[in-house]
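Chain by chain, the residues run as shown.
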Amino acid sequence: TRALFLFFAFCSIYAWGQDVSENSDAIVAGPKNAIKFLPVNLALNNLSFEYERKFSPKSSFIFGLGIAKPKPFADKFGMNDIDNKITNDEFSTMSVRAAYRHYAGNKPRPYGFYFSPYLKYQKIKVTADNYRRNQDFTPAVYYNENYDVNGTTLNLGIQWGVQFLIAKIVCVDFYFLGIEAGLANITATVKSNDAKSIDVIYNGVNDNLDQLPSFLRDKIKTEKIGTNQVDVSGSSIPYPWLRSGISIGIAF
């Protein structure tokens, strides 16, 4: 919460300073607003839009909202075979992003090269049932696993890009390099009606955690609940990320 407050305070002060230092009459001509759609986020089952408001010839503020659109993923990635039948599978993300944008040059309309510091919050959700074959038995014996994974991230980043206006109203934004770092919180629950599979999952998760550096491994905990559940949780896990893509919309 404190980071969010400082971020908005910085953006507001900077934008106000730009507005009084530039000729404010210059921005009256032409569009000062743009609403854009981000098709690249459809791959993350996220329906994303951004609103941009230009405050001066060099500065604007952006608010982005990504609406979760849960969709199946197992068949898309070929995860089903003779030993696994994944059903009731859904994956989605939602996001909120606030950014200040500083344009090169001194143009009244929202176009040109820019750099843009931003703050982004994201929520990730994955659920699935896996009807799995136990290969230790002949004839085959099947059991069911249930997965429920939730994660949230809070990221600070900086973006470079260029925005075009076609016929003065069609807005095309190519954000070609975004570097961000953030903290993630995760919770995952796996349930199974086969006790042996729970042991395999619990040991497998711990074996993978042992391969991580200690500053990551120490932030993730695993716990076996009875004979039919494994819980995994992690808080304030640091990670880097890259952001790039294209958006298109209307300037007005």
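Once a new chain begins, its residue numbering starts again from 1 and follows that chain's sequence as written. Given that this is a predicted model, residues contribute local features only at a pLDDT of at least 70 and side-chain atom pairs are listed and counted only at 80 or more, while totals for whole chains, interfaces and linings are drawn from all residues. To obtain the side-chain values, all non-hydrogen atoms of the structure were used and water was disregarded.

Engineer: Would you mind going over the pattern of salt bridges with me for this structure?
Structural biologist: Side-chain pairs of opposite charge can arise where the charged atoms are in close proximity. Here a salt bridge means any side-chain nitrogen of Lys or Arg lying within 4 Å of a carboxyl oxygen belonging to Asp or Glu. Under the criterion given, the structure shown has 10 salt bridges. As a salt-bridge pair, R97 and E50 come within 2.6 Å of each other at their nearest N and O atoms. You can see R97 sitting in strand β4 (residues 84–103) and its partner E50 sitting in strand β2 (residues 46–56), a full 47 residues away along the chain. The pair formed by R97 and E50 is uniform in burial state, with each residue classed as buried. In DSSP terms, a helix is any run of H or I states spanning at least four residues, a strand is any run of E spanning at least two, and both are numbered starting from the N terminus. Working definition: with a 1.4 Å probe on protein chains only, accessible area under 20% of the residue-type maximum means buried, over 50% means exposed, and in between means partly exposed.

Engineer: Just to check I follow, could you spell out the environment of G157 for this structure?
Structural biologist: Within the secondary structure, G157 sits in strand β6 (residues 141–166). Each C-alpha atom, one on G157 and one on A99, is 9.3 Å from the other, the two residues being 58 residues apart in sequence. In this structure, G157 is in contact with S116, P117, Y118, I179 and E180, ignoring residues within four places of it in sequence. Contacts: residue pairs with any heavy atoms within 4.5 Å of one another.

Engineer: For this particular structure, what's the right way to read the pairing of strand β5 (residues 112–134)?
Structural biologist: As a general feature of sheets, a regular strand has side chains that alternate between the two faces. Two strands are counted as paired when DSSP detects at least two bridges linking them. One ladder, built from 16 bridges, connects β4 with β5; its direction is antiparallel. The residue bridging H102 from the neighbouring strand is F115, located in β5. Bridge count for β5 against β6 is 23 bridges, and the pairing is antiparallel. Within the sheet, the bridge partner assigned to Y118 lies in β6 and is G157.

Engineer: Hey, could you run me through the nonpolar core in this one?
Structural biologist: For soluble globular proteins, nonpolar side chains are generally found buried alongside one another. In this structure, A184, A188, V190, I198, I201, L209, L216, I220, V230, V232 and I237 together form the largest nonpolar core, which totals 11 residues. Among the elements of the structure, β7 (170–192), α2 (195–209) and β9 (229–251) are those that each provide at least two residues to this core. Those residues in contact with I220 that lie beyond four places of it in its chain are L209, L212, V232, S233, G234 and I237. Nine residue types can take part in a nonpolar core, namely buried Ala, Val, Leu, Ile, Met, Phe, Trp, Tyr and Cys, and a core is a set of them joined through side-chain atoms within 4.5 Å.

Engineer: Is there a simple way to think about the side chain of E50 in this case?
Structural biologist: The exposure class of E50 is buried, given its relative accessible area of 5%. Within the structure, the side chain of E50 is placed 2.6 Å from the side chain of R97, a separation counted as a polar contact. The contact partners of E50, leaving out residues within four places of it in the chain, are A34, I35, K36, L38, I62, F63, G64, R97 and R243. Under the rule applied, a polar contact is a pair of N or O atoms within 3.5 Å (in protein, one hydrogen donor and one hydrogen acceptor; residues adjacent in sequence only if both atoms are side-chain atoms).

Engineer: Would you mind going over the packing of aromatic side chains with me for this structure?
Structural biologist: Each aromatic ring pair is summarised here by two numbers: the centre-to-centre distance and the angle between the ring planes. Under the pairing criterion, centres of Phe, Tyr and Trp rings, with the six-membered ring standing for Trp, must be within 6.5 Å; the plane angle then separates stacked pairs below 30 degrees from edge-to-face pairs above 60, leaving the rest tilted. Under the criterion given, the structure shown has four aromatic pairs. A centroid spacing of 5.7 Å and a plane angle of 50° characterise the contact between F174 and F176, whose relative ring orientation is tilted. Put simply, a charge is over a ring when the Lys NZ or the Arg CZ is close to the ring centre, within 6 Å, and near the line of the ring normal, within 35 degrees. Above the ring of Y118, the side-chain terminus of R97 is found at 5.0 Å from the ring centroid. The cationic tip of K224 hangs over the ring face of Y202; the distance from NZ or CZ to the ring centre is 5.5 Å.

Engineer: Would you take a moment to explain the environment of A251 for this structure?
Structural biologist: Tracing the chain through its elements places A251 in strand β9. Looking at A251, the relative accessible area reads 4%, which means it is buried. In this structure, the C-alpha to C-alpha distance between A251 and V170, residues 81 residues apart in sequence, is 6.1 Å.

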